[in-house]
Amino acid sequence: MAKFPVIRMRRLRKNENLRNLVRETNLSIDDLIYPVFVIPGKGKKEEIPSMPEQFRFTIDLLVEEVQKIKEKGIKAIILFGIPEEKDELGKDAFDENGIIQRVLREIRKYEKEIILIADLCMCEYTSHGHCGILKGKEVDNDKTLEYLGKIAVSQVKAGADIVAPSGMMDGQVKAIRKTLDETGFEHIPILSYSVKYASSFYGPFRDAAESTPQFGNRKTYQMDIANAREAILEAQLDFEEGADILMVKPALSYLDVIYRIKKIFHRPVAAYNVSGEYSMVKASAMQGWINEKDIVLEILTSIKRAGADLILTYHAKDVAEWLKNE
Ligand code: PBG
């Protein structure tokens, strides 16, 4: 192999145009999905204390917000609903007039193009805060599957373009695919949270979505943070059950996992740049300790470089602005 002085790595680093010409990874607004939270009531826009500059909107105000999101050039949002009433079975999650069904219908009235992704989980809807139906103190996997299909169909009927199961129940993609197909929704894609770790990085989200488990934790269904081989099996099972997009979550501490999944499976890979990752950056940016723009672009570029095709991120609106002005 040629060596110095034939090879001089600095030749292609000479100026910005040259560097951009040979840049391997480019961040695009087309790849970003913006998460939004919807609450009951009217006329409310509340800042989430643990997630500065992120808000929870009532349906009326979220409809206006979606227009702004769209004007910034963002093409997809993922919706999280916080219902008026929670109960043991999380009934609001599959109620025709549940919070998420209502917001989907309302946005659809005004907005035909933006891609609406419905997070498909029970934890925001159950009084106990777990991601499924309980049997004693345990989440009953197979019982929960019966409900997940129902939730999916109700979300799609209300206007969801994609459903995104995030509860880490075994067989959830298969159950949802089957129910969707049986109801004539065979064209609706499933974005599966295939590799979801039992991570402390979800802390701020649980404040935002009021979804902290009332007892215990999620370690009997979400993955052990130390495992990577197991992630491949999780992704493989979802791939075989018919997941259209495979997600790894969180993103930043799991770049190695994103890299592995991308190498093995010929399906789009999504990464969730989660609430804790967002709030850490935001907190130090507010202190003036870091350059927020540069740090965020570096983080998101690293997630893409690791292999993510899509990124779910609370920074999406800022990034849209920054990329426009580049
Ligand atoms: C569960 C869900 C969670 C997140 C997205 N979907 C939380 C959890 O599993 O406890 C976390 C997202 C984030 O932290 O930004 N429905």
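Up top is the structure these notes are about.
The present account deals with the structure reproduced in this document.

Thresholds applied
Residues numbered from 1 in each chain as written. Predicted model: local features only at pLDDT ≥ 70, side-chain atom pairs only at ≥ 80, totals over all residues. Heavy atoms only, no water. Phe/Tyr/Trp six-rings, centres within 6.5 Å; stacked < 30°, edge-to-face > 60°. Helix = DSSP H or I, 4+ residues; strand = E, 2+ residues; numbered from the N terminus. Buried < 20%, exposed > 50% of the residue type's maximum accessible area, 1.4 Å probe, protein only. Lys NZ or Arg CZ within 6 Å of the ring centre and 35° of its normal. Axes fitted to C-alpha atoms, helices over the stretch in contact; angles between N-to-C directions. Parallel < 35°, antiparallel > 145°, perpendicular 65-115°, else oblique. Left-handed = near helix turned anticlockwise from the far one by under 90°. Contact = heavy atoms within 4.5 Å. Nonpolar A, V, L, I, M, F, W, Y, C, P; charged D, E, K, R; others polar. Near = heavy atom within 4 Å. Polar contact = N/O pair within 3.5 Å; in protein donor to acceptor, adjacent residues only side chain to side chain. 1 Å grid on protein atoms, 1.4 Å probe; cavity = no way out; pocket = protein on both sides within 12 Å on 5 of 7 lines; lining within 4 Å. Sits in = over half its atoms within 2 Å of the grid points. Core = buried A, V, L, I, M, F, W, Y, C linked by side-chain atoms within 4.5 Å. Points joined across faces, edges and corners; volume = space filled by probe spheres on them.

## Some details on the packing of aromatic side chains
And step 1. Counted according to the given criterion, the structure contains eleven aromatic pairs.
And step 2. Seen from their ring centres, F239 and F265 are 5.8 Å apart, and the 45 degrees between their planes marks the pair as tilted. Residue F239 is found in helix α7 (residues 229-241), and its partner F265 is found in the loop between α8 (255-264) and β11 (269-273); the two are separated by 26 residues along the sequence.
And step 3. Overall, F239 belongs to the partly exposed group, its relative accessible area being 37%.
And step 4. What makes F265 buried here is its relative accessible area of 6%.
And step 5. Grouped by ring-pair contacts, the aromatic residues F37, F80, Y193, F205, Y272, Y278 and Y314 constitute a single cluster.
And step 6. Positioned over the ring face of Y202 is K249, at 4.4 Å from the centre of the ring.
And step 7. The residue whose ring lies beneath K249 is F205, and the NZ or CZ to ring-centre distance is 6.0 Å.

## Remarks on the packing of α7 against α8
And step 1. The N-to-C vectors of α7 and α8 enclose an angle of 45 degrees; their axes lie 10 Å apart at closest approach. Compared by their axis directions, α7 and α8 come out oblique. The interaxial crossing formed by α7 with α8 has right-handed handedness. Facing α7, whose interface residues are A231, I232 and A235, α8 presents V257, R260, I261 and I264.
And step 2. Partitioned by chemical class, the residues of the contact of α7 with α8 number six nonpolar, no polar and one charged.

## What to know about the site of the ligand
And step 1. Around the ligand sit 19 residues, and of these K196, R206, K249, S275 and Y314 come closest.
And step 2. Within the contact set of the ligand, an oxygen atom lies 2.8 Å away from a side-chain nitrogen or oxygen of K196.
And step 3. One of the side-chain nitrogen or oxygen atoms of R206 is found 2.6 Å away from an oxygen atom of the ligand.
And step 4. For the ligand, the cavity whose grid points lie within 2 Å of the majority of its atoms is the largest cavity.
And step 5. Where the shell around the ligand is concerned, the elements lending two or more residues are β9 (191-196) and α6 (203-209).
And step 6. In terms of residue class, the shell around the ligand is made up of ten nonpolar, three polar and six charged.

## Examining the nonpolar core
And step 1. With 84 residues, the main nonpolar core has I77, L79 and L180 as its most contacted residues.
And step 2. At eight residues, the largest contribution of residues to this core is made by helix α4 (residues 141-158).
And step 3. Once you skip the residues sitting within four places of it in the chain, I77 turns out to touch I33, Y34, V36, V66, I69, I107, I114, I115, L116 and I117.
And step 4. With 27 residues, the next largest nonpolar core counts F80, A164, F205 and A209 among its residues.

## Quick notes on the layout of surface pockets
And step 1. Of the volumes computed, that of the largest pocket is approximately 710 Å³.
And step 2. Around the largest pocket, the lining comprises 21 residues; the ones closest to its centre are R19, N20, R23, T25 and T301.
And step 3. Listed by contribution, the elements that provide at least two residues to the lining of the largest pocket are α1 (16-21) and α10 (292-306).
And step 4. A per-element tally of the lining of the largest pocket places α10 first, with seven residues.
And step 5. For the lining of the largest pocket, the per-class residue count stands at six nonpolar, five polar and ten charged.
And step 6. Roughly 190 Å³ of volume is contained in the second largest pocket.
And step 7. Along its surface, the second largest pocket is lined by 13 residues, and N141, M168, D170, T220 and Y221 are the ones closest to its centre.
And step 8. For the lining of the second largest pocket, the elements supplying multiple residues, two or more each, are β7 (138-139) and α7.

By themselves these figures say nothing about function.
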